[in-house]
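Fold and contact review
Listed below, chain by chain, are the residues.
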Amino acid sequence: SHLWEQYHANLDEYARIYWRERGIPDDWQDFWKLGVNYEYRVGNDIAPTATIPLFDHAHNILNIKHRFLEPPEGIGKYRYEISGQPHPLFITNPTVPLEGHAIAIEGEIKAAVTYIRMGDKAACVVGLPGKSVGPEVVAQFKGCERVTLVFDPGSFKLMSNDGKDPFVPLPVEMPGKP
């Protein structure tokens, strides 16, 4: 079996509660194959992570993002299974092409919760890998007429919008975020 399937199979009640508390019910945890890895290695330490498999529209696995449940001191909250690769988008619905009007939200979990709550399963909602959006990420939106960017407050970075760029930046206050 694939590594992301193993992480999904690791979902116990503790991990499911974590995902539920983040706003993702069990059926969506199963749909996106969210998981947990209780044995993620960081140097000589082991730290538990919630796992987010990142697929393309053809459901090919591109990478797996790990979010530390208890981040070790001195490192960030996130790591990729395979480092040194381009950071893929989190695609909420692989049957919806990345075209027309896309809503790109900083963070996979926030994109997932937004998609669930908005109730429009035909909406093109994707999660951005973070606040630093590189050219390889921007290039994925070439088929879009309009892209609404939703960043966390404090990390909002105005992108070029000289009339030729389809990006429409929109900072949004998120509950519980400073």
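Residues numbered from 1 in each chain as written. Predicted model: local features only at pLDDT ≥ 70, side-chain atom pairs only at ≥ 80, totals over all residues. Heavy atoms only, no water.

A closer look at the packing of aromatic side chains
- Taken as a whole and assessed by the stated rule, the structure comprises ten aromatic pairs.
- The interplanar angle of 90° and the centroid separation of 5.0 Å between the aromatic rings of Trp4 and Phe55 together place this pair among those described as edge-to-face. Of this pair, Trp4 sits in helix 1 (residues 3–9) while Phe55 sits in strand 2 (residues 45–55), placing them 51 residues apart in sequence.
- Ring centres 5.3 Å apart and planes at 80° place the aromatic pair Trp28 and Phe31 in the edge-to-face group. With Trp28 and Phe31 both in helix 3 (residues 26–31), this residue pair falls three residues apart, about one helical turn.
- Exposure remark for Trp28: the relative accessible area of 16% places this residue in the buried category.
- Residue classification places Phe31 among the partly exposed positions, given a relative accessible area of 42%.
- Within the aromatic cluster, the residues linked to one another by ring pairs are Trp28, Phe31, Trp32, Phe90 and Tyr115. (Phe/Tyr/Trp six-rings, centres within 6.5 Å; stacked < 30°, edge-to-face > 60°. Helix = DSSP H or I, 4+ residues; strand = E, 2+ residues; numbered from the N terminus. Buried < 20%, exposed > 50% of the residue type's maximum accessible area, 1.4 Å probe, protein only.)

Points about the nonpolar core
- If you look at the biggest cluster of nonpolar residues, it comprises 26 residues, and the most contacted ones within it are Trp19, Ile24, Trp32, Ile52, Phe90, Ile109 and Val125.
- Among the secondary structure elements, those contributing two or more residues to this core are helix 2 (13–21), strand 2, strand 6 (100–106) and helix 4 (108–118).
- Here this core gets six residues from one element, more than from any other, and that element is helix 4.
- Each residue touching Phe90, except ones within four places of it in the same chain, is listed here: Trp32, Ile52, Pro53, Leu54, Glu108, Ala111, Ala112, Val125, Val126 and Gly127. (Core = buried A, V, L, I, M, F, W, Y, C linked by side-chain atoms within 4.5 Å. Contact = heavy atoms within 4.5 Å.)

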